[in-house]
Amino acid sequence: KITKAGDKQAICKKLMTVLKKRYKASPAKHDRPVLETMLHAVCLENTNYAQADAGYENLLKSFHDLNEIRVSSITELEQAFSGLEDAARRALGIRTILHYVFEKNYEFEFEVVRRKTLDLASRQLDKIKNISTFVRAHTLQVTLGAHLVPADDAITNAAVWLGLAEIDATPAQATAAMKPAVRK
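The following paragraphs examine the structure supplied in this document.

Definitions and cut-offs
Residues numbered from 1 in each chain as written. Predicted model: local features only at pLDDT ≥ 70, side-chain atom pairs only at ≥ 80, totals over all residues. Heavy atoms only, no water. Helix = DSSP H or I, 4+ residues; strand = E, 2+ residues; numbered from the N terminus. Buried < 20%, exposed > 50% of the residue type's maximum accessible area, 1.4 Å probe, protein only. Contact = heavy atoms within 4.5 Å. Polar contact = N/O pair within 3.5 Å; in protein donor to acceptor, adjacent residues only side chain to side chain. Phe/Tyr/Trp six-rings, centres within 6.5 Å; stacked < 30°, edge-to-face > 60°. Lys NZ or Arg CZ within 6 Å of the ring centre and 35° of its normal. Axes fitted to C-alpha atoms, helices over the stretch in contact; angles between N-to-C directions. Parallel < 35°, antiparallel > 145°, perpendicular 65-115°, else oblique. Left-handed = near helix turned anticlockwise from the far one by under 90°. Salt bridge = Lys/Arg side-chain N within 4 Å of Asp/Glu carboxyl O.

This paragraph deals with the environment of V113. You can see V113 is positioned in the loop between helix 6 (87–105) and helix 7 (118–126). By relative accessible area, which is 0% here, V113 ends up buried. Considered as a pair, V113 and N67 are 46 residues apart in the sequence and their alpha carbons are 20 Å apart. When near neighbours in sequence (up to four residues on either side) are disregarded, V113 contacts V34, A121, Q124 and L144.

Positionally, D152 belongs in the loop between helix 8 (133–144) and helix 9 (153–162). Excluding anything up to four places from it in sequence, D152 contacts L44, E45, N46, T47, F134 and P171. Among the polar contacts listed, one links the side chain of D152 to the backbone nitrogen of N46, at a separation of 2.8 Å. Among the polar contacts made by the side chain of D152, one reaches the main-chain amide nitrogen of A154 at a distance of 3.3 Å.

Turning our eyes to something else, we now look at the packing of aromatic side chains. One pair of aromatic rings is described through two measures. These are the centre distance and the angle between the planes. Under the counting rule described, the total for this entry stands at 3 aromatic pairs. Ring plane angle 80 degrees and centroid distance 6.3 Å describe the contact between F102 and Y106, whose orientation is recorded as edge-to-face. These aromatic residues form a ring-pair network of at least three members: F102, Y106 and F108. The ring centre of F102 lies 4.1 Å from the NZ or CZ of R70, which sits over that ring.

With that settled, consider the packing of helix 2 (residues 34–44) against helix 3 (residues 49–62). Viewed as axis vectors pointing N to C, helix 2 and helix 3 meet at an angle of 120 degrees, and their least axial separation amounts to 8 Å. As the angle between them shows, helix 2 and helix 3 are arranged oblique. In the crossing of helix 2 with helix 3, the sense of the turn from one axis to the other is right-handed. Mapping the contact onto sequence places E36, L39, H40, C43 and L44 in helix 2 and Y49, A52, D53, G55 and Y56 in helix 3.

Turning our eyes to something else, we now look at the pattern of salt bridges. The tally for this structure, following the rule as stated, stands at 6 salt bridges. Residues D53 and R32 are paired through a salt bridge, measuring 3.9 Å at the closest nitrogen-oxygen approach. Linking D53 in helix 3 with R32 in the loop between helix 1 (5–22) and helix 2, this pair joins segments that are 21 residues apart in sequence. Of the residues examined, D53 reaches a relative accessible area of 26% and is grouped as partly exposed. Under the relative-accessibility criterion, R32 is labelled buried at 15%. Linking D119 and R123 is a salt bridge whose minimum nitrogen-to-oxygen distance equals 2.4 Å. Highlighted residues: D119 and R123, both in helix 7, separated by 4 residues, approximately one helical turn. If you follow the salt bridges from partner to partner, you end up with E45, D86 and R89 in one network.

Structure representation (structure tokens):
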């Protein structure tokens, strides 16, 4: 049975009320540069903020600089994510992002995305291979303030369970399905 848009909004409103009671405060906001936001998003996918922050800090402490991370092997990078599941995928995502940014700019600066429209920024991020829909949506939401709901596997499963997304929805489909249901 297809859930109507008004029903989806009502579900989201009730859900937000329950979540606000359960979790008194939202995670601390970080004003990171675009590149760091993307790297943190790789750490955040399918985990919580505390684990993601720990993984991100461990990554930065384990290597001298971003260039050393870029030229390291996936196996070496996996060790920085020892406390997180799917460390190999995270390592590949981090290295892919750093390779793309460095090859494009010959430096680790990606703030140009912040000055683009949502459509142009989205197309720019789509050029980066091996990064997930979650990383793209999270980056656009945090850096541009885009009206998106970054959905990883856990959020997708919750959206399906709540009737906000179709049963066989992918994270990309769940992100698109929840966008009109969640108030800006």
